[in-house]
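Examining the three-dimensional arrangement
Read off the chains here:
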Amino acid sequence: MSRRGDWVYENNGGTCVAIAGADYCVIAADTRLSVGYSILTRDHSKICELADKCVLASSGFQGDIKALHKNLAARELLYQHQHNKRMSCPAMAQLLSNTLYYKRFFPYYAFNVLGGLDSEGKGCVFTYDAVGSYERTGYSAQGTGSTLIMPVLDNQLKSPSPLLLPARDAVTPLSETEAIDLVKDVFASATERDIYTGDKLEIVVVNKAGTRREYIDLRKD
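Residues numbered from 1 in each chain as written. Predicted model: local features only at pLDDT ≥ 70, side-chain atom pairs only at ≥ 80, totals over all residues. Heavy atoms only, no water.

The name given to the protein in an unreviewed UniProt entry is Proteasome subunit beta, with the source organism recorded as Eleusine coracana subsp. coracana.

This is how it looks when you write it as structure tokens:
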């Protein structure tokens, strides 16, 4: 199919995953940046630390993703100066929703997963569409490999329905180590089937001690 001459979007691929636990959150993304069948770089981070124990992973068009991350970082800095404290993860989730919805007629071509700890110290994951509709869940995946990863996460971590009363906690029952191992497994599997996911996996773990990163290698072909 031919592309219109004024088409300004490009999907640069990649996959993002987040899993929330009782007192931690694991956010992970691969580092491949592609256009079509070409790999532009094998070492591009899709993860941005925005607020206090709050991390955003984004997949889609990298021009829009960079603009979105820069906008959110500036808004968080203003909040920090005005209120003399850093923004909480649920507050950043609402700000991200408002920012995406404000651009709904010419959207940021970015598919986001926001993860971190809420004010009670519980893990939280917020998943978005391109125009700001969002939901708090126990886990989520976005990007070109999400259709391969979500069935596995559903099978292993299925959250209770939000329609159940009384409402049940959405956090997953896994320990932090088990969640990290699951993330490594689903990415190793998705890399075998998705040409836009690969090279290296960046994992960010947020808990009460702070934030730490680790990297593992994925397929490079």
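Now that the structure is up, let's keep going.
1. Structural notes on the side chain of Ser146
By secondary structure assignment, the location of Ser146 is in helix H3 (residues 146–157). A distance of 2.8 Å separates the side chain of Ser146 from the backbone oxygen of Gly143, its partner in a polar contact. (Helix = DSSP H or I, 4+ residues; strand = E, 2+ residues; numbered from the N terminus. Polar contact = N/O pair within 3.5 Å; in protein donor to acceptor, adjacent residues only side chain to side chain.)

2. Section: unusual backbone geometry
Non-glycine residue Asn84 carries a positive phi angle of around 60 degrees. Within the secondary structure layout, Asn84 lies in the loop between helix H1 (62–83) and helix H2 (89–102).

3. Here we look at the pattern of salt bridges
In a structure, side chains of opposite charge can pair up when their charged atoms sit close to one another. Counted under the stated rule, the structure contains twelve salt bridges. Put simply, Asp43 and Lys200 hold a salt bridge, and the shortest N to O gap is 3.3 Å. Of this pair, Asp43 sits in the loop between strand S4 (38–41) and strand S5 (47–51) while Lys200 sits in strand S11 (residues 200–207), placing them 157 residues apart in sequence. On the basis of relative accessible area, Asp43 is assigned to the exposed category, the value being 55%. Two residues, Asp217 and Lys220, come together in a salt bridge whose shortest N-O distance is 3.9 Å. Under the relative-accessibility criterion, Asp217 is labelled exposed at 59%. Connected through shared salt-bridge partners, Arg32, Arg42 and Asp199 make up one network. (Salt bridge = Lys/Arg side-chain N within 4 Å of Asp/Glu carboxyl O. Buried < 20%, exposed > 50% of the residue type's maximum accessible area, 1.4 Å probe, protein only.)

4. Section: helix H4 (residues 176–193)
In an α-helix, one turn spans 3.6 residues; hence positions three or four apart end up facing the same way. Taking 1.5 Å as the rise per residue, H4 with 18 residues should run 26 Å; its terminal C-alpha atoms sit 27 Å apart, in good agreement. Listing the buried residues of H4 in full gives Ala179, Ile180, Leu182, Val183, Val186, Phe187, Ala190 and Thr191. For H4, the angular spread of buried residues about the axis comes to 165 degrees, placing them on one side. H4 presents Thr177 and Asp185 as exposed residues on the side facing more than 90 degrees away from its buried surface. At its buried positions, H4 is contacted by strand S1 (15–20), strand S2 (24–30), H3, S11 and strand S12 (210–217). (Expected span 1.5 Å × (residues − 1). Arc of directions from axis to C-beta. Contact = heavy atoms within 4.5 Å.)

5. Regarding the sheet that holds strand S7 (residues 110–117)
Reading across from one edge, S5-S6-S7-S8-S9 is the order of the five strands in this open sheet, with antiparallel pairing throughout. At either end of the open sheet lies a strand with only one pairing partner, and these are S5 and strand S9 (134–137). Pairs of neighbouring strands in the sheet enclose a mean axial angle of 25 degrees, with direction left out of account. Pairing analysis gives four bridges linking strand S8 (residues 123–128) to S9, with the strands arranged antiparallel. Along S9, the bridge assignment pairs Val125 with Thr137. Across the sheet, H1 lies against S5, strand S6 (54–60) and S7, angled at about 160 degrees from S6, the strand it touches most. Strand contacts of H2: S5, S6, S7, S8 and S9, with the helix running at about 5 degrees to S8, the strand carrying the most contacts. (Pairing = 2+ DSSP bridges. Axes fitted to C-alpha atoms, helices over the stretch in contact; angles between N-to-C directions.)

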